[in-house]
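# Topology and contacts: notes
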Amino acid sequence: MRKFLALIFFIAAQGVFAQSTTLLIARNIGKKVLDDGTEIRTFGYATKLSENPGIPGPTLIYEEGDSVKIDMWNVSQGAPHTIHLHGLDVDQQNDGVPHLSFEVEHMEHGYYRFKAPHPGTYLYHCHVVSAIHVQAGMYGMLIIKPKGNDKLTWEGGYSFSRDYNFLLSEIDTNWHTDAHLLHPIGHVKIKVPPYDPTYFLVNGSSGTQLRSEAKKVFLKNDNTFLRLANIGYYANRYIFSDKLNASVVSSDGRPLPEAMVSDTLMVFPGERYGVLVNPDNLGDDSVKIEYLNLNTLSVKGTEYMHYEVVEELSANTVSPESFKVFPNPFTSSLRLTNLSKESIKNIAISTTSGQSVYSRVIESNSSIVLQVEHLGPGSYILKATTESGNEIRRLLHKF
Ligand SMILES: [Cu+2]
């Protein structure tokens with residue numbers, strides 16, 4: 001009987017939290033073309049054998065509570081590799097630090113298992129001779145989203161309509177020679193030239209490569225969530241236009257007790273920050289990013305992240321009046337009537353400053369009643385999400 005109950009519990013648990021397996025193939029024969037056409041040898045993680053391991057590696061995205069298994073297959077010759085889960089609370093065996101757990105040798109598989117912890121921004125990288133293997137390209141971002149709502153920073157946190165990830169690093173081409181990359185294995189001293197990077201990367205691109213990418217799109221008077229992470233050996237200084245109303249809401253995978261309004265932000269190696277921007281002006285502009293040498297704190301490189309601010313509701317919205325909300329102004333509950341053929345998947349209510357106060361996954365569209373007696377007097381924004389986009393309504397709580 002006990003076994004039977006355990007089995008039932010096991011089956012039930014599988015339904016609540018998803019199992020997720022990710023294959024990462026470690027390679028040391030990658031090629032990267034830099035901004036001026038220079039081609040360098042790289043190491044990295046690919047998801048297919050036919051794929052060039054990119055810089056950065058694939059962004060791994062999981063939901064809070066997921067049972068994650070990363071299958072790292074090392075097909076490269078030479079040094080072993082690992083996956084260190086930077087910032088995640090995983091046990092030592094699954095943390096990829098050589099001598100404290102296992103290394104994955106040529107043609108072996110290494111399995112890293114963990115339960116996705118608190119929603120936030122994390123990093124993964126190889127921890128074998130990490131100064132060289134990280135510079136070589138063995139790194140990527142790991143994001144944990146709250147369960148059931150990927151437009152929320154964390155449960156009870158801030159809602160946003162769009163999000164972008166920025167993983168910053170540098171390249172010193174003098175380290176990308178076979179003499180340095182294919183270092184001897186074992187307890188031997190490895191000499192590398194003093195670190196002097198000349199390419200400053202945002203998600204693997206720099207200079208004209210970055211300028212040719214599509215501009216990021218921020219909605220006016222709406223939250224866009226930026227996940228910032230630094231896996232380089234320099235510090236990054238972000239300079240936001242004051243029109244973006246940037247505020248830092250999380251640090252190293254945890255919420256800050258209070259949002260910190262700031263137009264500049266320093267991100268040191270290994271750090272991650274969550275920043276909300278909520279622009280009140282339309283138009284094109286850019287976020288300036290400076291790369292600072294940690295010994296001298298002098299600026300060695302500058303890149304720009306280009307964006308345009310567009311009118312709220314102008315893009316990605318469903319047809320007008322696809323649902324009705326009643327009553328508005330409201331007191332303790334709201335009833336939604338869906339007038340369109342598309343079903344509403346999710347309802348989120350936030351304050352006008354973006355603080356999430358209500359969020360619900362909608363299972364059935366036949367009768368949607370929201371119990372919102374916990375909300376105090378004031379204005380709110382209700383967002384209904386369907387397959388094709390969001391529709392927003394302003395709500396007023398009766399005084
Ligand atoms: Cu490695």
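Residues numbered from 1 in each chain as written. Predicted model: local features only at pLDDT ≥ 70, side-chain atom pairs only at ≥ 80, totals over all residues. Heavy atoms only, no water.

Moving on, we come to the coordination of the copper ion. Looking at the copper ion, one finds its protein donor set to be H81 (ND1), C126 (SG) and H133 (ND1), positioned 2.0 to 2.1 Å from the metal centre. Here the donor residues of the copper ion are spaced in sequence according to H-x44-C-x6-H. Residue H81 is found in the loop between β4 (67-74) and β5 (84-86), and its partner C126 is found in the loop between β7 (120-125) and α2 (130-136); the two are separated by 45 residues along the sequence. Each member of the pair H81 and C126 is classed as buried. (Donors = N, O, S within 2.8 Å, 3.2 Å for Na, K, Ca; no water. Helix = DSSP H or I, 4+ residues; strand = E, 2+ residues; numbered from the N terminus. Buried < 20%, exposed > 50% of the residue type's maximum accessible area, 1.4 Å probe, protein only.)

A cluster of nonpolar side chains, F268, L294 and L297, forms an exposed patch at the surface whose accessible area comes to about 250 Å². Relative to the assigned elements, F268 resides in the loop between β16 (264-267) and β17 (272-277). (Patch = residues over 30% accessible without salt bridge, like charges linked within 9 Å, V, L, I, M, F, W, Y side chains within 5 Å. Areas by Shrake-Rupley, 256 points an atom, 1.4 Å probe, with all protein chains shown as cover. Salt bridge = Lys/Arg side-chain N within 4 Å of Asp/Glu carboxyl O.)

Annotation of the protein at the domain level lists domain 1 (15-156), domain 2 (163-310) and domain 3 (323-397). Once you take the C-alpha centre of each, domain 1 and domain 2 turn out to be 19 Å apart. Listed as interface residues are 43 residues of domain 1 and, on the opposing side, 41 residues of domain 2. Both sides of the domain 1 and domain 2 interface together cover about 3400 Å² of buried area, and 65% of this is carbon and sulfur. The largest per-residue losses of area from domain 1 upon contact with domain 2 belong to D35, R41 and Q135, which jointly make up 20% of the total buried on that side. At the surface where domain 1 touches domain 2, the tally comes to three salt bridges. (Domains from an automatic or database assignment. Contact = heavy atoms within 4.5 Å. Buried area = accessible area lost by both parts, 1.4 Å probe.)

Let us now look at unusual backbone geometry. Residue P56 is reached from I55 by a cis peptide bond, and omega for that bond is -5°. At M107, a residue that is not glycine, the phi angle is positive and equals roughly 65°. Take M107: it is sitting in the loop between β5 and β6 (109-115). Phi angles above zero are rare outside glycine, and V129 is one such case at about 40°. You can see V129 is positioned in the loop between β7 and α2.

Further remarks concern the pairing of strand β12 (residues 224-230). Within β12, seven of the seven residues are buried, which leaves it mostly tucked inside the rest of the structure. Here β12 shows no split at all, with T224, L226, L228 and N230 on one side and F225, R227 and A229 on the other all buried. Where β12 meets β17, six bridges bridge the pair, whose relative direction is antiparallel. Residue pairing across strands places T224 opposite V277, the latter belonging to β17. (Pairing = 2+ DSSP bridges.)

Here we come to the packing of aromatic side chains. Applying the stated criterion across every chain yields a total of 15 aromatic pairs. Measuring from ring centre to ring centre gives 5.2 Å for W175 and Y195, while their planes differ by 65°; the resulting arrangement is edge-to-face. Here W175 is found in the loop between β9 (162-171) and α3 (178-181), whereas its partner Y195 is found in the loop between α3 and β10 (199-202), with 20 residues between them in sequence. Residues W175 and Y195 agree in their burial class; the two are buried. By way of ring pairs, the aromatic residues W175, Y195, F200, Y233, Y234 and Y291 are connected into one cluster. We note R393 situated over the ring of F323; from NZ or CZ to the ring centre the distance is 4.3 Å. (Phe/Tyr/Trp six-rings, centres within 6.5 Å; stacked < 30°, edge-to-face > 60°. Lys NZ or Arg CZ within 6 Å of the ring centre and 35° of its normal.)

What follows is about the pattern of salt bridges. Scanning the model with the defined rule gives 10 salt bridges in all. Note that E63 is salt-bridged to K147, the shortest N-O span being 3.5 Å. Taken as a pair, E63 in strand β3 (residues 60-63) and K147 in the loop between β8 (139-145) and β9 lie far apart in primary sequence, 84 residues in all. The closest approach of N and O atoms between D163 and R227, which form a salt bridge, is 2.9 Å. Of this pair, D163 sits in strand β9 while R227 sits in strand β12, and the two are 64 residues apart along the sequence. With relative accessibility at 21%, the residue D163 sits in the partly exposed group. Each of K145, D163 and R227 takes part in a single network of salt bridges with overlapping partners.

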